[in-house]
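# An overview of the molecular structure
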Amino acid sequence: MEPIIAGNWKMHKEPGESRSFVQELMALAGEMRDRITILIPAFTSLPAVSEVIRNTRFKLGAQNMHWERSGAYTGEVSGMFLKALGCEYVVIGHSERRHIMGETDEMVNRKMKTALEIGLIPIMCVGEKEAERDAGKTEAVIERQVEQGLKSIENEAHKIILAYEPVWAIGTGKTATPEQAAAAHAFIRSRLKKPSTILYGGSVKPDNIDTLMKEKEIQGVLVGGASLDAESFARIVKFQ
Ligand code: PGA
């Protein structure tokens, strides 16, 4: 399985900026043949990015989707629309959705099921908050998020990607040590019925990517802040 480098732009970059960013990134990173690079722009930039990466090895992902295919859900976006725009991946249950937008494990589970049904590869995020780690609850929190998120789709775990993103490491500059990340990945793996790809996320930067990727347990990364700058993201994509 090729390693995965995914760039989650969150609520940054309008369409024009997204287009020129991807052109710059392609010039800097080239087309790496032995790894999968996924670009995850805001919904509104998906068409522009989709067009620029057509016929390249770059893949497209979305940051969220609704659990229904269509209906009276003002302001929501269907996974079917994402597929129509060329998305192959969708992030589900990012900590900002869970902790700022109030997404529950049950909602995450419904979204996971729909994503699989419609043929999108979900990237399900799990991870503990700082207080939970300090209280020794890291494994209990991750176990609950994995079990509830994959309820009744446990046997399809090989079709999904998991991202271990400790909340205290997201956007803070504090990265989990490779050992902490590897331990959490091994624990997640022990809870799965089928082997999934497991990514690490949380302050991944050009200066820690090589060390993180040396861990056998870490099969790729989900990058936020450092994916917004073409030079730094290109360096991450070109990890050794
Ligand atoms: P960060 O974000 O790289 O800025 O810490 C990671 C994420 O939220 O996926």
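For the structure, see preceding data.
Notes on the structure in this doc start here. Note that the structure is predicted; figures quoted are calculated from it, not measured. (Residues numbered from 1 in each chain as written. Predicted model: local features only at pLDDT ≥ 70, side-chain atom pairs only at ≥ 80, totals over all residues. Heavy atoms only, no water.)

### Notes on the site of the ligand
Around the ligand, 13 residues are found, and the nearest of them are Lys10, His94, Glu165, Gly171 and Ser203. One nitrogen or oxygen atom from the side chain of Glu165 is found 2.7 Å from an oxygen atom belonging to the ligand. Between the ligand and Gly171, the relevant distance is 2.6 Å, taken from an oxygen atom to a main-chain nitrogen or oxygen of the residue. Of the residues belonging to the shell around the ligand, the class tally is 4 nonpolar, 7 polar and 2 charged. (Near = heavy atom within 4 Å. Polar contact = N/O pair within 3.5 Å; in protein donor to acceptor, adjacent residues only side chain to side chain. Nonpolar A, V, L, I, M, F, W, Y, C, P; charged D, E, K, R; others polar.)

### Some words on the nonpolar core
Leu39, Ile188 and Tyr200 are the most contacted members of the largest nonpolar core, which totals 60 residues. With residues near it in sequence (within four places) discarded, Tyr200 still touches Tyr164, Pro166, Ala169, Thr175, Ala176, Ala181, His185, Leu212, Ile218, Gly220, Val221 and Leu222. Of all hydrophobic cores here, the second largest spans 13 residues; its members include Val91, Ala163, Leu199 and Leu222. (Core = buried A, V, L, I, M, F, W, Y, C linked by side-chain atoms within 4.5 Å. Buried < 20%, exposed > 50% of the residue type's maximum accessible area, 1.4 Å probe, protein only. Contact = heavy atoms within 4.5 Å.)

### Some remarks on the side chain of Thr138
Relative to the helices and strands, Thr138 is located in helix H7 (residues 138–149). Residue Thr138 is classed as buried on the basis of its relative accessible area of 11%. (Helix = DSSP H or I, 4+ residues; strand = E, 2+ residues; numbered from the N terminus.)

### Side note on the sheet that holds strand E8 (residues 220–223)
Working definition: the strands of a sheet are paired by backbone hydrogen bonds and lie parallel or antiparallel to each other. With parallel pairing, the 8 strands of this closed barrel are ordered in space as E1-E2-E3-E4-E5-E6-E7-E8. Between one strand and the next, the sheet's axes are offset by a mean angle of 25°, whatever the strand orientation. In the sheet, strand E7 (residues 197–201) pairs with E8 via 2 bridges, with the strands oriented parallel. Bridging from a neighbouring strand, Gly201 pairs with Leu222 of E8. (Pairing = 2+ DSSP bridges. Axes fitted to C-alpha atoms, helices over the stretch in contact; angles between N-to-C directions.)

### Focus: the packing of helix H1 (residues 15–29) against helix H2 (residues 46–53)
Axes are the key here: two packed helices are described by the angle between their axes and the distance separating the axes. Packing of H1 against H2 leaves a shortest axis separation of 8 Å and a crossing angle of 25°. Classified by the interaxial angle, the pair formed by H1 and H2 is roughly parallel. Two packed elements cross with a definite hand, and for H1 against H2 that hand is right-handed. Between H1, through Pro15, Ser18, Arg19, Val22, Gln23 and Met26, and H2, the contact on the second element is made entirely by Ala48, Val49, Glu51, Val52 and Ile53. Here the contact of H1 with H2 is composed, by residue class, of 7 nonpolar, 2 polar and 2 charged. (Parallel < 35°, antiparallel > 145°, perpendicular 65-115°, else oblique. Left-handed = near helix turned anticlockwise from the far one by under 90°.)

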